[in-house]
Amino acid sequence: MLLPEARGPLSSGLLDALRSGRPEAVPAAPEAPADPLLDEDVQLSLWICFELHYRGFDDVPDSWEWQPEVIALRRSLEEILLAALRREVTVPAGGRPVPDRLREIVDSDEGPQLSKYLQTRADHRQFVEFAAHRSIYQLKEADPHSWALPRLSGRAKAALVEIQADEYGGGDLLRMHSELYRKFLRGLGLDDSYGRYVDAAPAITLALSNVMSLFGLRRELRGALVGHLAAYEMTSSGPCRRYAKGLRRLGGDDATCDFFDEHVTADALHEQLAAHDLCGGLAEAEPELAEDIVFGAAACLYVDARFAEHVLGAWSAGLTSLRDDTLVEGVAFAEAS
């Protein structure tokens, strides 16, 4: 994957520094914008900094992963994002076991029902846009949450290992969830290359991935990371069933729907494991992390709701939900997956 295109002075300066190999050219973080989740320059710059810890970029030396100037910028941008989440995310009152509080968050979620729209109303082009958005995270599915593995112990660690083993297909390449998503992309006629649609993805889409990386790369936020995973698993099975129905309504075959069919079953099993053994186990072992666990779950649903608002708002206005929809023009269901 090559570096993306700039979206403002911050990302432009960062990209210039990375391409030229000049650490002194890495810019300082700006003042916090009014809404960091929707700030294209901030979210892209943070995504670039985070991506150096995943697959990296073909045009950036691997040694830049820990370049002090980049880490300093990343840290500043993390603080901007984290402060916005702490300010905007509502966390239910304590006094009850963490699994009960997680259930309350999930059951009270009234975010936009993007999955219902895709099931019943979306056309092929809208499904293509949805697939391109979600590819930013799904092609590295499970990787951000795996940062928690060396940071946990006991029952919580065992639960996370069990969940992540399923995410990685139990060691079977073709059943890895990221590989199933690649098959979904191909079935829609899209490019399945890692990072292919970053330039098309708006800030809120990058934020979905950035929040996971923020929680994953900071040990102090390990509670928020497992809470995020729990909310993700607890709210996945139903929507994935609806996505699969929507795909079949439009003519998608079983291979194209395989990613979502797999999650209907897998995430239903993961739901209890994540809430009780992972989050409940961590809260018992480290009670001081209970509030962060609940915060991470609430943050997951909050950012997902903001994403759904963006997508549905664009579609209701007859607009594309992508920054650049030319990257997905002319795609069609593949004849064979």
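Residues numbered from 1 in each chain as written. Predicted model: local features only at pLDDT ≥ 70, side-chain atom pairs only at ≥ 80, totals over all residues. Heavy atoms only, no water.

A. Molecular detail of the pattern of salt bridges. Tallied over the full model, the rule gives 31 salt bridges. The closest approach of N and O atoms between Asp 107 and Arg 103, which form a salt bridge, is 3.1 Å. Taken as a pair, Asp 107 and Arg 103 lie in helix H4 (residues 98-107) at a separation of 4 residues, close to a single helical turn. Looking at Arg 103, the relative accessible area reads 27%, which means it is partly exposed. A salt bridge links Lys 183 to Asp 258; the shortest N-O distance between them is 2.8 Å. Within this pair, whereas Lys 183 is found in helix H9 (residues 177-188), its partner Asp 258 is found in helix H13 (residues 254-285), the two being separated by 75 residues in sequence. Each member of the pair, Lys 183 together with Asp 258, is buried. Where salt bridges share partners, they join Arg 74, Arg 75, Glu 78, Glu 79, Arg 218 and Glu 220 into one cluster. (Salt bridge = Lys/Arg side-chain N within 4 Å of Asp/Glu carboxyl O. Helix = DSSP H or I, 4+ residues; strand = E, 2+ residues; numbered from the N terminus. Buried < 20%, exposed > 50% of the residue type's maximum accessible area, 1.4 Å probe, protein only.)

B. Fine view of the packing of helix H2 (residues 40-51) against helix H10 (residues 203-217). Between H2 and H10, whose axes approach to 9 Å, the crossing angle comes to 45°. Between H2 and H10, the angle is such that the two are oblique. In terms of crossing hand, the pair formed by H2 and H10 is left-handed. Mapping the contact onto sequence places Glu 40, Gln 43, Leu 44, Leu 46, Trp 47 and Phe 50 in H2 and Ala 203, Leu 206, Ala 207, Ser 209, Asn 210, Ser 213, Leu 214 and Leu 217 in H10. For the contact of H2 with H10, a count of residues per class yields 9 nonpolar, 4 polar and 1 charged. (Axes fitted to C-alpha atoms, helices over the stretch in contact; angles between N-to-C directions. Parallel < 35°, antiparallel > 145°, perpendicular 65-115°, else oblique. Left-handed = near helix turned anticlockwise from the far one by under 90°. Contact = heavy atoms within 4.5 Å. Nonpolar A, V, L, I, M, F, W, Y, C, P; charged D, E, K, R; others polar.)

C. View of the side chain of Thr 256. Following the sequence through the fold, Thr 256 ends up in helix H13. Residue class for Thr 256 comes out buried when judged on its relative accessible area of 2%. A polar atom in the side chain of Thr 256 sits 2.7 Å from the side chain of Asp 253. (Polar contact = N/O pair within 3.5 Å; in protein donor to acceptor, adjacent residues only side chain to side chain.)

D. Expanded view of the packing of aromatic side chains. Within the structure shown, the criterion is met by 12 aromatic pairs. When the centroid spacing of 5.9 Å and the interplanar angle of 75° are considered together, the rings of Tyr 137 and Tyr 232 count as edge-to-face. With Tyr 137 in helix H6 (residues 124-138) and Tyr 232 in helix H11 (residues 222-234), this residue pair connects regions lying 95 residues apart in the sequence. Among the aromatic residues, those joined into a ring-pair cluster are Phe 127, Phe 130, Tyr 181, Phe 184, Tyr 243, Phe 259 and Phe 260. Sitting above the plane of the Tyr 194 ring, Arg 55 keeps its charged end 4.1 Å from the centroid. In this structure, Arg 86 is placed above the aromatic ring of Phe 295, and the distance from its NZ or CZ to the ring centre is 4.2 Å. (Phe/Tyr/Trp six-rings, centres within 6.5 Å; stacked < 30°, edge-to-face > 60°. Lys NZ or Arg CZ within 6 Å of the ring centre and 35° of its normal.)

E. Layout of the nonpolar core. Counting residues in each nonpolar core, the largest one holds 112 residues, and the members touching the most others are Ile 48, Leu 85, Leu 114, Phe 184, Phe 215, Phe 260 and Leu 278. In this view, Phe 215 contacts Leu 82, Leu 85, Leu 221, Arg 222, Ala 224, Leu 225, His 228, Phe 295, Gly 296 and Ala 299; residues no more than four positions away in its chain are not counted. (Core = buried A, V, L, I, M, F, W, Y, C linked by side-chain atoms within 4.5 Å.)

F. A look at the environment of Leu 10. You can see Leu 10 is positioned in helix H1 (residues 9-20). By relative accessible area, which is 6% here, Leu 10 ends up buried. Sequence separation between Leu 10 and Val 42 is 32 residues, and the spatial gap between their C-alpha atoms is 7.2 Å.

G. Looking closely at the environment of Val 328. By the secondary structure assignment, Val 328 is in the segment after helix H14 (290-316). On the basis of relative accessible area, Val 328 is assigned to the buried category, the value being 0%. Sequence separation between Val 328 and Arg 125 is 203 residues; the distance between their C-alpha atoms is 8.4 Å. If we skip the residues at most four places from it in the chain, Val 328 touches Arg 125, Val 128, Ala 132, Leu 190, Tyr 197 and Leu 322.

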